[in-house]
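# Summary of structural features
Listed below are the residues making up each chain.
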Number of protein chains: 2
Amino acid sequence: MRVLGVDPGLTRCGLGVVDGRPGRATMVAVGVVRTPSSADPGERLLYVETELGGWLDRFAPEVVAVERVFADVNVASVMTTAHATAVALLCAARRGLPVVFHTPTEVKAAVTGSGRADKAQVTQMVTRILGLDVAPRPADAADALALAICHAWRGAQDARLTALAEAARR
Amino acid sequence: MRVLGVDPGLTRCGLGVVDGRPGRATMVAVGVVRTPSSADPGERLLYVETELGGWLDRFAPEVVAVERVFADVNVASVMTTAHATAVALLCAARRGLPVVFHTPTEVKAAVTGSGRADKAQVTQMVTRILGLDVAPRPADAADALALAICHAWRGAQDARLTALAEAARR
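Per an unreviewed UniProt entry, chain A carries the name Crossover junction endodeoxyribonuclease RuvC and comes from Phycicoccus sonneratiae. Of chain A, the UniProt comment under Subunit (unreviewed entry) reads exactly: "Homodimer which binds Holliday junction (HJ) DNA. The HJ becomes 2-fold symmetrical on binding to RuvC with unstacked arms; it has a different conformation from HJ DNA in complex with RuvA. In the full resolvosome a probable DNA-RuvA(4)-RuvB(12)-RuvC(2) complex forms which resolves the HJ." If you open the UniProt record of chain A and go to Catalytic activity (unreviewed entry), you find "Endonucleolytic cleavage at a junction such as a reciprocal single-stranded crossover between two homologous DNA duplexes (Holliday junction)."

Okay, structure coming up:
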């Protein structure tokens, strides 16, 4: 399963493409889209849309995994994150791709075994799982890869459980 | 000044076009874009994008006025509102149009004289200001018109103050 992980943001939007199945994952691409906070908000969204759309066309993931953001931190940053999330939803919908959301806790638990792991531990495990020589930087890039791994592993598991449940019903 | 007011939302997105200058305003168009909450979030955003883009092309406003949303109400509704706001930002940026934000308090103060007016008072004043025979319904449509009136009046005032300040500096 090829997954594009998106750590949504306007200042930095982390993107990571992973091919994975439960227990295994290889990195296809990683990067960060940056827009200056001094730029017009609409222009920033247009730029993220162009870049994100380019990644979808170039790497052709089957699904887009986005970090689910909660409104419990600073209001302005939640809003720009929500705007970047909307761009991901639009870009995916335009290409007929499903979007799934995972919470930071789910992502941390999937890659480190603990929902309370810190950023350094997440980066360390992502580096080890993907067999990378150097840790992906910045943290947004590592987070996007972690999201993609999380979905490739959990998504396959969920699909298997759904299939088992359906088989049991027959 | 022709303004498109947008009361952002996915279940109901209010749209109102007003031609106005301080103390005067006439309605050009009003409507609501609705998408079912059962639909795919990305598909909902695409639909709002198509409709909103159509309004911009048809009515050619000079500026888009959007309600500034705060994250102090329910989290899920703030997120979908922020997603709809992102669509407005993208549609406007694609056409080179400026987007301005006004808080609910600013809008209420502009049309009723009180920042603490209730929805019924806002609808009543919008109806009176625009000389309409019937009140615009639902409230989202009236709110979009109120936003457009607010900006047509405040925007012109702000531009005048800026010009006076510049003249004083010379």
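Once that is clear, we can look at the interface of chain A and chain B. Contact with chain A, which involves 21 residues of that partner, is made by 21 residues of chain B. Interface of chain A and chain B: buried area, both sides summed, is about 1,800 Å²; carbon and sulfur atoms make up 80% of it. Our count for the chain A to chain B interface comes out at two salt bridges. Arg94 of chain A is paired through a salt bridge with Glu49 of chain B; the nearest N and O atoms lie 2.6 Å apart. There are two residue pairs in polar contact (both at pLDDT 80 or more) connecting chain A and chain B. Among the secondary structure elements, those contributing two or more residues to the side of chain A that touches chain B are helix H1 (41-59) and helix H2 (75-94) of chain A.

All names here are of chain A. Mapped onto the present numbering, the UniProt feature "binding site: Mg(2+) 1" (unreviewed entry) falls at Asp7 and Asp140. Of the residues just listed, which span 134 residues, no C-alpha pair is farther apart than 6.1 Å, and they cluster in one region. Judged by relative accessible area, Asp7 falls into the buried class, the value being 9%. Secondary-structure assignment places Asp140 in helix H5 (residues 139-169). Owing to a relative accessible area of 14%, Asp140 belongs among the buried residues under this scheme. If we skip the residues at most four places from it in the chain, Asp140 touches Asp7, Arg12 and Gly14. Here the side chain of Asp140 touches Arg12 through a polar contact of 2.9 Å, side chain to side chain.

Below, the discussion takes up unusual backbone geometry. Residues and elements named next belong to chain A. A cis geometry characterises the amide bond from Arg137 onward to Pro138, with omega recorded as -5°. With respect to the element layout, Pro138 can be found in the loop between helix H4 (119-129) and H5. Positive phi values are uncommon outside glycine, yet Ala60 reaches one of about 45°. Looking at the secondary structure, you find Ala60 in the loop between H1 and strand E4 (63-67).

What follows deals with the sheet that holds strand E4 (residues 63-67) of chain B. All names here are of chain B. As summarised here, the arrangement of the five strands in space is E3-E2-E1-E4-E5, forming an open sheet in which the pairing is mixed. In this open sheet, the two strands that pair with only one neighbour each are strand E3 (24-34) and strand E5 (99-102). With strand direction ignored, the average angle separating the axes of adjacent strands in the sheet is 25°. Examined bridge by bridge, strand E2 (residues 12-21) and E3 share 10 bridges and lie antiparallel to one another. When the sheet's bridge partners are listed, Arg12 is paired in E3 with Arg34. Most of the contacts of helix H2 (residues 75-94) go to E5, to which it runs at about 150°, and overall it touches E4 and E5.

Attention now goes to the UniProt feature "binding site: Mg(2+) 2" (unreviewed entry) in chain A. All names here are of chain A. UniProt feature "binding site: Mg(2+) 2" (unreviewed entry): in the numbering of this structure it lies at Glu67. Of note, Glu67 is situated in strand E4. Ignoring sequence-local partners within four residues, the contact set of Glu67 consists of Val6, Asp7, Pro8, Phe101, His102, Pro104 and Leu147.

For the rest of this paragraph, the subject is the environment of Thr103 of chain A. Residue and element names in this part refer to chain A. Its location among the elements puts Thr103 in the loop between strand E5 (99-102) and helix H3 (104-112). Along the chain, Thr103 and Leu147 lie 44 residues apart, while their C-alpha atoms are 9.0 Å from each other. Each residue touching Thr103, except ones within four places of it in the same chain, is listed here: Arg68 and Phe70.

For the rest of this paragraph, the subject is the pattern of salt bridges. By the definition in use, this model includes 14 salt bridges over all chains. A salt bridge links Asp140 of chain A to Arg12 of chain A; the nearest nitrogen and oxygen atoms lie 2.9 Å apart. One end of the pair, Asp140 of chain A, is in helix H5; the other, Arg12 of chain A, is in strand E2 (residues 12-21), and 128 residues separate them in sequence. For Arg154 of chain B, the salt bridge goes to Glu106 of chain B, with nearest N and O atoms at 3.8 Å. Here Arg154 of chain B, found in helix H5 (residues 139-169), pairs with Glu106 of chain B, found in helix H3 (residues 104-112); they are 48 residues apart in sequence, far enough to count as distant. We classify Arg154 of chain B as partly exposed; its relative accessible area is 28%.

Conventions we followed
- Residue positions are given per chain, counting from 1 as you read along its sequence in written order.
- To read the labels, note that chains go from A and ligands from 1, taken in the order they are written.
- For this predicted model, a pLDDT threshold of at least 70 governs which residues receive local features, and a threshold of 80 or more governs which side-chain atom pairs are given and counted, while totals over whole chains, interfaces and linings are taken from all residues.
- Side-chain metrics in this entry use all non-hydrogen atoms of the structure; hydrogen atoms and water are not considered.
- UniProt positions are given in the numbering used here, feature names are shortened, and annotations may be inferred rather than shown by experiment.
- Should any heavy atoms of two residues lie within 4.5 Å, those residues are counted as being in contact.
- Put simply, buried area is the surface a 1.4 Å probe can reach on two separate parts but cannot reach once they are joined, added for both.
- The working definition used for a salt bridge is a side-chain nitrogen of Lys or Arg within 4 Å of a carboxyl oxygen of Asp or Glu.
- Under this definition, polar contacts are N or O atom pairs within 3.5 Å; protein pairs additionally need one hydrogen-donor-capable and one acceptor-capable atom, and for neighbouring residues in sequence, both atoms have to be side-chain atoms.
- Helix and strand assignments follow DSSP, with helices taken as H or I runs no shorter than four residues and strands as E runs no shorter than two, numbered in order from the N terminus.
- Remark: exposure states derive from per-residue accessible area (1.4 Å probe, protein chains only) relative to the maximum for the residue type, with buried under 20%, exposed over 50%, and partly exposed in between.
- Pairing between two strands requires that DSSP report at least two bridges joining them.
- Only C-alpha atoms enter the line fits that serve as axes; for helices the fit covers just the stretch in contact. Angles between N-to-C directions range over 0 to 180 degrees.

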